[in-house]
Amino acid sequence: MRRLVRPLLFTALAACCGAALAATTESAPQGRLPRWAVPQSYRLAFKVDPAQQDFSGTTTIKLTLSKPSDHLWLDGSELTVSKVEITDAAGKRHTGKYVAVDPKAGVARVDFGSTLPPQNLTLTIDYRAPLNAQLQGLYKVTAKGQPYAMTQMEPISARYAFPGFDEPDFKTPFQLSLTIPDAETAVANTRQIRQAPAGKGWKTVTFAPTLPLPTYLVAFGVGPWSIATAPDIAPDAFRAKPLPLRGIAAAGEAQRMQHVLGETPSIIHALENYYGFGYPFGKLDLLAAPDFAAGAMENPGLVTFRDWLLLLDKDSPARDVRGSFNVTAHELAHQWTGDTVTMAWWNDIWLNEAFATWMQQKITEQVHPEYRADLDRVLGAQGAMANDSLVSARRIRQPITGNGDIMTAFDGITYQKGASVIGMFENYVGDKTFQKGMRAYIQQHKFGNAVASDLVDAIATAAGKGAAFKHAFNSFLDQSGVPYVQTTLQQKNGHTVLQLSQSRYLPVGSSGDPKRIWGVPVCVRYGTAGGSKVACEMLDHATGSMTLADASQPTWVMPNANASGYYRFSLGKPALASLTGNVGKLSDAEQLAYADAVNAGFRHGDLDAGDVLAALKPLTASKVREVATAPLPQIEWINTHEAGTDAQRARLAAWVSAAYLPRLQQLGYERKAGESEDDALLRSTLAGALAFDFKLPAVRAALLAQGEAALKRKPDGRLNLAAADPDLLGDALGVAVQQLGKPAVDALIAEIPQTSDPALRNGMLAGLASVEDPALATRVRDFALSKPVKVGEMAMLLMGGRDTPARRDAMWQWFTAHYPQVLARTGSFAGGYLPRLAAGGSCSVAAVDRLQAFFKPRLQDAPGIDRGLAQTSESIQLCGALKAKQDAAAILR
């Protein structure tokens, strides 16, 4: 994930300790904390009033000191420490000192006052700290004018809430108590076990001790929460007791959680059945956060989400309903991979996130097969490949050299590439064998930590595989890049032989070295007289071959059967033409892999725009939404960056219109009774692309009519947002903003502060983000920095309005002029995204140069900027190289 580290105030240091009174000259650890001081348990006591700007706390840590020392190292950031006390094994108390040695990293030293021998110690620290304004640690948010305090500790933000050993392999039990105003409600990882008066107007709520957890999974919230209690989740073969289930939301909102609460039991039972291990955390609360930096967070017992994922009703957009299930399944999958078994260090965050992504897809296929999670997996992998084609791409197991590497680890490489690689090797060994290995892995490491070799060894053991299998698996974990499998058909001695070679896929303009070898489980579908067959081979050298038994003459080849492999492939133009003619014989997933191969060939410089249009045309007739719309991003790039004349743009608009407009007209622009969610999603995808990317007049007119109706005021003076189709609200308002200008922008800016419904807010923000008028675009960007826009919403407004060079230049001028304000509002985890926020979508050397010149002196402003700068710069440079390589005349061929 990504977040911003702010410097500790010098006044905080002076208030406790006096910065110059160091007991040791040992320098602060630059990576992991030393292991000669290890926590055994925590007792955390907080006094929190969300209406205030700060809070107080007392942290008591029982720890083991394994060598003589006069100090220890721990993590703490922006803490004003008033008292430090160390109690030794004999019960003697020592007054200690807290010294913030590296405020930027959040590393502190506790001095004992004298050298203590190895023993068990109790460390108690009293402190105050601000309620964070950047959605990290213990932070403050407001909903409907009422304040709340809640937590987001991952990855390294627990240090903003309490001093401790803020690393994932320090797993211990936590005992939490919260002293809060009488009128407030407190929730946490575990059930409440006691409540007692704590002076006039205050009460202390105490919670049961947790199972062993890392600091990043500690969670609680204080505020006027509303709570919906659902029926307990019934016991099963792997869990003997009923599991209490609740929904928690801002005041008055919990009744909108019935949908997600109804879906949750099926997810829990499916996960328990897969792992053969019952949910272990005693109770399950799902909390809809009023503002949140991540999509959701897997805190055991108190899973937190962006509110729009949980607050649903009959009018909710279909994408929200489907997203709710998928994200809930992902977070609940973490209860096994991440919470029960936790990675030992952040280089193995894929053991948490890739496995939760992979498992969510399995659960979704089981519970909601109509959601086509099998196709989501393919599309997710292809999205990751776009990033993985960069020389600056991360590895799945990226070495951690500083906090920035931790912040930028929560990306498509970790999640989608990781899940695809897992699925590829599951396909290779068989799903039942893989499940056997996963069950063994969970049992061997439950309530502890694991590293990559623990997982790979468990799968290898279950499959009876040795060093070659482990080497193949690790080849995808320990090096970046996408394998590029190139194929050639030959006839040898009466047999059809497919010659294979592999290299690293690199697009036009890349400076990377293509010489790279993986252990790739290559599976090929090919034509036979009776239909098709699949052949598989482990390609672990630069070249290889496979014999295609019973292949028809001539035959066609799909080099990624079932799209189960994390690799791209090249066929050459004659073989591609043969496959295009047989694309209807491919599965839906294979058709997506085919679309990606066309995209890869275009970006590699092997295909031109005319080739792309011809190759992708057959997919547009598919009845499957994901397949039918797969060509749109590729055609949109050609339209935005390659087409340079009115005739070329008209050709692309005509292609898109012929392919998609009849289908959209058949769907109509409003929901129909009994229609599927997939129809609603297809309507939304087509309407947005045809109205904004290709400016089709008929689509814009239909959306404008809805936008105008939504902007009309009701008798109470509020906008009539329900007049637009829920799935098209953002698009309808976007067209209205572009066509009506200032009145529409004024109305939306006035309405947003009055609206708490997250789906309606998202729709209005999307509408504002579509603004084109330069003066109005500046106003919308200024509004993004204002209090009515949540920290977690700001980027939605700032990523819009950049579809032409002139608009990108205007965004650049605004961003550089307002950089300090953007930085101050940048939420948790987002430092690495600042360069993309500034210049994403650009496509020229000049854009790279100015981006580098601006950010190179500012690399220390937030963790992750350096990687974000490298990847954004390379993406822009590659876009420019591709634009220069391609001949736009091919569009008219």
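In case you missed it, the structure is sitting above this.
Rules used throughout
- Residues numbered from 1 in each chain as written.
- Predicted model: local features only at pLDDT ≥ 70, side-chain atom pairs only at ≥ 80, totals over all residues.
- Heavy atoms only, no water.
- Pairing = 2+ DSSP bridges.
- Helix = DSSP H or I, 4+ residues; strand = E, 2+ residues; numbered from the N terminus.
- Axes fitted to C-alpha atoms, helices over the stretch in contact; angles between N-to-C directions.
- Buried < 20%, exposed > 50% of the residue type's maximum accessible area, 1.4 Å probe, protein only.
- Core = buried A, V, L, I, M, F, W, Y, C linked by side-chain atoms within 4.5 Å.
- Contact = heavy atoms within 4.5 Å.
- Parallel < 35°, antiparallel > 145°, perpendicular 65-115°, else oblique.
- Left-handed = near helix turned anticlockwise from the far one by under 90°.
- Arc of directions from axis to C-beta.
- Polar contact = N/O pair within 3.5 Å; in protein donor to acceptor, adjacent residues only side chain to side chain.

Here the focus is the sheet that holds strand E10 (residues 146–152). Reading across the sheet, the four strands line up as E9-E10-E15-E12 and stay open at both edges, with antiparallel pairing between neighbours. The open sheet has two free edges, formed respectively by strand E9 (137–143) and strand E12 (185–188), since each of these has just one partner strand. Pairwise comparison of adjacent strand axes, ignoring direction, gives a mean angle of 15° for this sheet. Both E12 and strand E15 (residues 220–223) contribute to a ladder of four bridges, which runs antiparallel.

Before going further, it helps to examine the environment of His71. Positionally, His71 belongs in strand E3 (residues 69–75). For His71, a relative accessible area of 4% translates into the label buried.

So, about the sheet that holds strand E13 (residues 192–197). Strands sit in the order E5-E4-E8-E2-E1-E11-E14-E13 across an open sheet of eight strands; the sheet is mixed. Here the strands that pair on one side only, and so sit at the sheet edges, are strand E5 (93–95) and E13. Neighbour to neighbour, the strand axes of the sheet diverge by 20° on average, direction disregarded.

Turning our eyes to something else, we now look at unusual backbone geometry. Cis geometry is found at the peptide bond from Glu154 to Pro155, where omega equals 0°. When you line up the elements, Pro155 lands in the loop between E10 and helix H2 (158–161). The peptide bond linking Gln553 to Pro554 adopts the cis configuration, its omega dihedral lying at -5°. Topologically, Pro554 is positioned in the loop between strand E27 (543–547) and strand E28 (557–558). Although it is not a glycine, Glu78 adopts a positive phi angle of roughly 60°. Inspection of the secondary structure assignment puts Glu78 in the loop between E3 and strand E4 (80–87). One non-glycine residue, Lys144, lies in positive phi territory at about 55°. Within the secondary structure layout, Lys144 lies in the loop between E9 and E10.

Membership of the largest hydrophobic core comes to 174 residues, with the highest contact counts inside it found for Phe46, Phe162 and Trp350. Setting aside residues no more than four positions away along its own chain, Phe46 makes contact with Phe55, Ser56, Gly57, Tyr127, Leu138, Ala161, Phe162, Leu176, Ser177, Leu178, Thr179 and Phe220. Counting residues in each nonpolar core, the second largest holds 114 residues, with Leu571, Leu586, Leu619 and Leu765 among its members.

All right, on to the pairing of strand E7 (residues 107–116) then. The element E7 is extensively covered by neighbouring structure, given that seven of its ten residues are classed as buried. Of the strand pairs in this sheet, E3 and E7 are connected by six bridges, and their pairing is antiparallel. Note that in E7 the partner of His71 across the bridge is Asp111. Taken together, the four bridges between strand E6 (residues 97–102) and E7 define a ladder with antiparallel strand orientation. Each residue of the ladder has a partner; that of Tyr98, found in E7, is Val110. Hairpin connection, E6 to E7: the antiparallel pair is bridged by four residues, and Gly106 has positive phi, about 80°.

One way to put it is that helix H3 (residues 258–275) packs onto helix H4 (residues 318–333) with a least axis distance of 10 Å and a crossing angle of 40°. With respect to each other, H3 and H4 are oriented oblique. The interaxial crossing formed by H3 with H4 has right-handed handedness. Of H4, the residues touching H3 (which contributes His259, Val260, Glu263, Thr264, Ile267, Ile268 and Leu271) are Val321, Ser324, Phe325, Thr328, Ala329, Leu332 and Ala333.

Side chains three or four residues apart in an α-helix point the same way, a direct result of the helix having 3.6 residues per turn. Every buried residue of helix H23 (residues 774–784) is accounted for by Leu776, Ala777, Val780, Arg781, Phe783 and Ala784. Along H23, the residues classed as buried sweep out an arc of 155° about the axis, all on the same side. Facing away from the buried surface of H23 by more than 90 degrees, the exposed residues are Pro774 and Ala775. Where H23 starts, the residue carrying a side-chain oxygen 3.1 Å from the main-chain nitrogen of Ala775 turns out to be Asp773.

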